[in-house]
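Spelled out, the chains give:
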Amino acid sequence: MARRFGDRARFCVEVGQAISPALRVVDLWAAGKWLTTDDNAAYVPSFAHYLRLEAERVRRGDVPPCPFPGRAPEEIFRLLRTDETEFAQQFWFLRWNETVDNVSTFAYLDDDLVIMFEFWRGTHPFPDELGKIFVARIPREEFTSIGEAAADLLEAEFAQ
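Note that the coordinates shown come from a computational prediction; the quantities given were computed from them, not determined experimentally. (Residues numbered from 1 in each chain as written. Predicted model: local features only at pLDDT ≥ 70, side-chain atom pairs only at ≥ 80, totals over all residues. Heavy atoms only, no water.)

## Some words on the nonpolar core
By size, the foremost hydrophobic cluster in this structure holds 35 residues, and its most contacted members are Phe 11, Val 13, Phe 93, Leu 113 and Ile 115. Going through the elements one at a time, strand S2 (11-18), strand S3 (23-30), helix H1 (44-60), strand S6 (103-110), strand S7 (112-119), strand S8 (134-138) and helix H3 (140-159) are the ones with two or more residues in this core. Sorting elements by how many residues they give to this core places H3 first, with 6 residues. Other than its neighbours up to four places away in sequence, Val 13 contacts Arg 3, Arg 4, Phe 5, Val 26, Asp 27, Leu 28, Leu 51, Ile 146 and Ala 150. Membership of the second largest hydrophobic core comes to 11 residues, among which are Phe 106, Val 114, Met 116 and Ile 133. (Core = buried A, V, L, I, M, F, W, Y, C linked by side-chain atoms within 4.5 Å. Buried < 20%, exposed > 50% of the residue type's maximum accessible area, 1.4 Å probe, protein only. Helix = DSSP H or I, 4+ residues; strand = E, 2+ residues; numbered from the N terminus. Contact = heavy atoms within 4.5 Å.)

In structure tokens:
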């Protein structure tokens, strides 16, 4: 039985069954979309580490503010994706190894945390989602508590 942290409509981490002592099924959701469609087998030590790093980054406010105020998140995503300088790198988000390498993800702070993403692989199991940009808004504190709670569970069960 999977343990759910968060809300799939905003951001959610679902921790499922153990595959081996170090591997666990972990599904990520944002904006009602399943992000880990290609690979949901997470190596627990590194995945928990990434969860904590991202949660702490959001808590500290180290995610930059909106890069293009007044523009829609979908337009902001397109501008960042096509940027050929290093500017866009500061907005990279959820770059947590192969479990989410099937999506391009950026984020910024605008009161809430705004997460923008797009599925890019031609083999994506939901073809109607290809080429669309999805946006999730979540309060910073909520994102932080989800990441920390999921990391706590992963680390506690891994230690057993």
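Read on for the rest.
## Some remarks on H1
Along its 17 residues, H1 runs 24 Å from first to last C-alpha, staying within 8% of the 24 Å computed at 1.5 Å per residue. Buried within H1 we find Val 44, Phe 47, Ala 48, Leu 51, Glu 54, Ala 55, Arg 57 and Val 58. Just downstream of H1, Gly 61 is the residue with a positive phi angle, here 80 degrees. (Expected span 1.5 Å × (residues − 1).)

## Here's the deal with the sheet that holds S6
Spatial ordering of the open sheet is given by S6-S7-S8, a layout of 3 strands whose pairing is antiparallel. Either end of the sheet is taken by a strand with one partner, and the two such strands are S6 and S8. The sheet shows a mean angle of 20 degrees between the axes of neighbouring strands, direction not considered. Judged from the 5 bridges that link them, S7 and S8 form a sheet pairing that is antiparallel. (Pairing = 2+ DSSP bridges. Axes fitted to C-alpha atoms, helices over the stretch in contact; angles between N-to-C directions.)

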